[in-house]
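# Structure assessment
Each chain, letter by letter, is given below.
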Amino acid sequence: MLLRRITEHVREQNWFAVFLDFVVVVVVVGIFVALQVTEWNDLRKERKEEARLLRQIVHEIDAIIEVRIDWIDTYTARQAMRHAAMRVVQGDDPADALTDEQCHALWRTHITFWAYESLTTLDELMATGRLRVIRDEEIRINLLEIDAKQEVWAERARFLTSGLIQVVTRYPTLMPRRTGLPQSTVSCNLDLMRENPAFQGEVLNNMGRTFGLLSQAATEIERYEAVKKLIEEPTQ
């Protein structure tokens, strides 16, 4: 329509009208170019933001994995000592006394320092509805699964830790405390422990719950590593 109007004005030699037509063309083209540049800049900013968010998620995944690996190393060693102690208590090991390390391991079966971890960047994306900034659908789906699993993992950890029994307090005759510096000490009466199936059951309960947390920690590491690999693969 605009081209036809320009043609008519040229035919009529209405040069002022032709000039105005060209001004309109320049303005329209300028607006179009400006809109394209704005759209391109917005897209570039979104891509930079996406890259930043994915880097941050990978960084948080690395931090969580490190925490879980340290926890597994610590509590695998403690569980091994508890297992050795219970073999003595239940007569599978013919030793006639518990070592100090084994006694220490038994009275501490209720102590489990579990860190409730989550991907804070993912939490923010979910809370603000901005997860679609991440274009890759497979990555988004896996992050959604992680978001759901974080709640399940936290609830399971709360269940496992809430059922830990403080045997040193419940069975003071089996594990008498003595005041000392820098802290009180606990001794173990092996004969009374062997005669008390309730005590043994509660120690095994604590150990079973800790094994449950060890299993969960390994599962978390596996899932986080899978998501990290998925994020990093396109850039390799």
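My aim in this report is to walk through the structure given alongside it, one point at a time. (Residues numbered from 1 in each chain as written. Predicted model: local features only at pLDDT ≥ 70, side-chain atom pairs only at ≥ 80, totals over all residues. Heavy atoms only, no water.)

### Focus on the overall build of the chain
To be explicit about the condition: Put simply, DSSP marks the helices as runs of H or I at least four residues long and the strands as runs of E at least two long, and each gets a number from the N terminus on. In this scheme, a residue with accessible area under 20% of its type's maximum is buried, one over 50% is exposed, and one in between is partly exposed, where area comes from a 1.4 Å probe on protein chains only. Here a residue-residue contact requires only that any non-hydrogen atoms of the pair lie within 4.5 Å. Calculation of accessible area relied on Shrake-Rupley with a 1.4 Å probe; when residues are assessed, cover is drawn exclusively from the protein chains displayed.
A count of helices and strands for the chain gives eight helices and two strands. When its helices and strands are written in sequence order, the chain yields α-α-α-α-α-α-β-β-α-α. A total of 236 residues make up the chain; the buried ones form 36% of that total. Long-range contacts, defined as pairs at least 24 residues apart, comprise 74% of the intrachain contacts of the chain with a sequence gap of at least 6. About 14,600 Å² of surface is accessible on the chain, with carbon and sulfur atoms providing 57% of the total.

### Concerning the state of the cysteines
For clarity, the cut-off: Disulfides are defined as cysteine sulfur pairs within 2.5 Å.
Enumeration over the complete set of coordinates arrives at one disulfide. Disulfide partner of C103: C188, at an S-S distance of 2.0 Å. Judged by the sign of its S-S torsion, about 90°, the cystine formed by C103 and C188 is right-handed. Taken as a pair, C103 in helix α3 (residues 100–107) and C188 in the loop between β2 (185–186) and α7 (190–194) lie far apart in primary sequence, 85 residues in all.

### Describing the environment of E222
Structurally, E222 can be placed in helix α8 (residues 197–232). Assessed through its relative accessible area of 58%, E222 is described here as exposed. Distance in space between the C-alpha atoms of E222 and I65 is 9.0 Å, their sequence separation being 157 residues.

### Things to note about the packing of aromatic side chains
Put simply, the rule is: Geometry of aromatic contacts follows a simple scheme: Phe, Tyr and Trp rings, the Trp one being its six-membered ring, pair when their centres are within 6.5 Å, and the pair is stacked under 30 degrees between planes, edge-to-face over 60, tilted otherwise. Criterion for a charge above a ring: Arg CZ or Lys NZ at most 6 Å from the ring centre, at most 35 degrees from the ring normal.
Taken as a whole and judged by the stated rule, the model has four aromatic pairs. For the pair W71 and W114, a centre-to-centre distance of 5.0 Å together with 85° between the ring planes defines the contact as edge-to-face. Here W71 is found in helix α2 (residues 15–89), whereas its partner W114 is found in the loop between α3 and α4 (120–128), with 43 residues between them in sequence. Given the relative accessible area of 9%, W114 is considered buried. Look at Y171 and F199: their rings are 5.5 Å apart centre to centre, the planes differ by 80°, and that puts the pair in the edge-to-face class. Of the two residues, Y171 sits in the loop between α6 (167–170) and β1 (177–178) while F199 sits in helix α8, which places them 28 residues apart along the sequence. Under the relative-accessibility criterion, Y171 is labelled buried at 11%. A network of ring pairs unites the aromatic residues W71, Y75 and W114 as a single cluster. The cationic tip of R78 hangs over the ring face of Y75; the distance from NZ or CZ to the ring centre is 4.7 Å. A cation over an aromatic ring shows up here: R209 above the ring of F159, its NZ or CZ 5.0 Å from the ring centre.

### Observations regarding a negative patch on the surface
Let me state the cut-off plainly: A residue counts toward a patch only above 30% relative accessible area and without a salt bridge, and it is joined to like-charged neighbours within 9 Å or, for Val, Leu, Ile, Met, Phe, Trp and Tyr, to nonpolar neighbours within 5 Å. Criterion for a salt bridge: a side-chain nitrogen of Lys or Arg within 4 Å of a carboxyl oxygen of Asp or Glu. When charges are tallied, Lys and Arg are placed among the positive residues and Asp and Glu among the negative ones, while His and the ends of the chain are skipped. Where a charge sits is defined by one atom per residue type, namely NZ (Lys), CZ (Arg), CG (Asp) or CD (Glu).
A cluster of acidic side chains, namely D136, E137, E138 and E233, defines a negative patch on the protein surface. Among the structural elements, E137 can be located in helix α5 (residues 137–162).

Read these as layout, nothing more, since geometry by itself doesn't imply function.
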